[in-house]
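A closer look at the structure
The chain contents come next:
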Amino acid sequence: MIKPFLITIGLLLSSITQAADITLVIDILECESSGKHNVYGDKGISYGIAQFQKPTFYRFVKQAKFKQFYYENPIHQLRVMNWAIDNGYGDHWTCYTKIIQRNTQNNLKETITSFK
């Protein structure tokens, strides 16, 4: 079940940027940080709602040509994460790969079932 605050995050994201799949972003946030911003992961290397490593965050900011974005800002993390996923960098998150694999398996099962 998606937590209400993650739905709010999804709505926020959809209002500030074009997300290819808001549900995917919400699922990743739930998996990576439980939708919490002040959390560390990967033995203290990753931080925030999107669990960015600082060098990766700033590399994506530069590639996306975002101005005045800060690693510690949860809205900036959401915008950069969304940009990264939309531009083919989703595999930087372990949860992205897990979710894509799960969704692919579920879609395959649905397709097979529909042919029976």
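Residues numbered from 1 in each chain as written. Predicted model: local features only at pLDDT ≥ 70, side-chain atom pairs only at ≥ 80, totals over all residues. Heavy atoms only, no water.

A few words on the nonpolar core. In this structure, Ile 28, Phe 52, Val 80, Met 81 and Trp 93 are the most contacted members of the largest nonpolar core, which totals 24 residues. Contributing elements (two or more residues each) for this core: helix H2 (22–33), helix H3 (54–64), helix H4 (74–86) and helix H5 (94–114). When residues of this core are assigned to their parent elements, the largest contribution, 6 residues, is made by H4. Each residue touching Trp 93, except ones within four places of it in the same chain, is listed here: Ile 28, Glu 32, Ala 50, Gln 51, Phe 52, Phe 60, Met 81, Ala 84 and Ile 85. (Core = buried A, V, L, I, M, F, W, Y, C linked by side-chain atoms within 4.5 Å. Buried < 20%, exposed > 50% of the residue type's maximum accessible area, 1.4 Å probe, protein only. Helix = DSSP H or I, 4+ residues; strand = E, 2+ residues; numbered from the N terminus. Contact = heavy atoms within 4.5 Å.)

Attention now moves to the packing of H3 against H4. Following both chains from N to C, one finds H3 and H4 inclined at 70°, their axes separated by 10 Å at the closest point. Taken together, the axes of H3 and H4 are roughly perpendicular relative to one another. By crossing handedness, the relation of H3 to H4 is classed as left-handed. Mapping the contact onto sequence places Phe 57, Phe 60, Val 61, Gln 63 and Ala 64 in H3 and His 76, Gln 77, Val 80, Trp 83 and Ala 84 in H4. Along the lines of polarity and charge, the residues of the contact of H3 with H4 split into 7 nonpolar, 3 polar and no charged. (Axes fitted to C-alpha atoms, helices over the stretch in contact; angles between N-to-C directions. Parallel < 35°, antiparallel > 145°, perpendicular 65-115°, else oblique. Left-handed = near helix turned anticlockwise from the far one by under 90°. Nonpolar A, V, L, I, M, F, W, Y, C, P; charged D, E, K, R; others polar.)

Here we come to H2. Taking 1.5 Å as the rise per residue, H2 with 12 residues should run 16 Å; its terminal C-alpha atoms sit 16 Å apart, in good agreement. After H2 finishes, the residue Ser 34 shows a positive phi value of roughly 55°. (Expected span 1.5 Å × (residues − 1).)

Ordered in space as E1-E2-E3, the 3 strands form an open sheet in which the pairing is antiparallel. Pairing within the sheet leaves two strands with one partner each, and these edge strands are strand E1 (40–41) and strand E3 (52–53). Pairing analysis gives 2 bridges linking strand E2 (residues 46–47) to E3, with the strands arranged antiparallel. Of the residues in E3, the one forming a bridge with Ser 46 is Gln 53. (Pairing = 2+ DSSP bridges.)

Every α-helical turn comprises 3.6 residues, leaving residues that sit three or four positions apart pointing alike. All of the buried residues along H3 are Thr 56, Phe 57, Phe 60, Val 61 and Ala 64. Down the axis of H3, the sector holding all buried residues measures 135°, keeping them to one side. The outward face of H3, more than 90 degrees from its buried face, is lined by the exposed residues Pro 55 and Lys 62. Each element contacted by the buried residues of H3 is listed here: E3 and H4. Positive phi appears at Lys 65, one or two residues downstream of H3, with a value of about 60°. (Arc of directions from axis to C-beta.)

To continue, consider the side chain of Ser 33. Secondary-structure assignment places Ser 33 in helix H2. Excluding its chain neighbours within four sequence positions, the residues that come into contact with Ser 33 are Val 39, Gly 48, Ile 49 and Gln 51.

Right, let's get into the packing of aromatic side chains. Following the criterion strictly, the structure yields 11 aromatic pairs and no others. An aromatic cluster is defined as three or more aromatic residues linked by ring pairs; in this entry it consists of Tyr 40, Tyr 47, Phe 52, Phe 57, Tyr 58, Phe 60, Tyr 71, Trp 83, Tyr 89 and Trp 93. (Phe/Tyr/Trp six-rings, centres within 6.5 Å; stacked < 30°, edge-to-face > 60°.)

In this structure, Asp 21 sits in the loop between helix H1 (4–16) and H2. Sequence separation between Asp 21 and Asn 82 is 61 residues; the distance between their C-alpha atoms is 9.0 Å.

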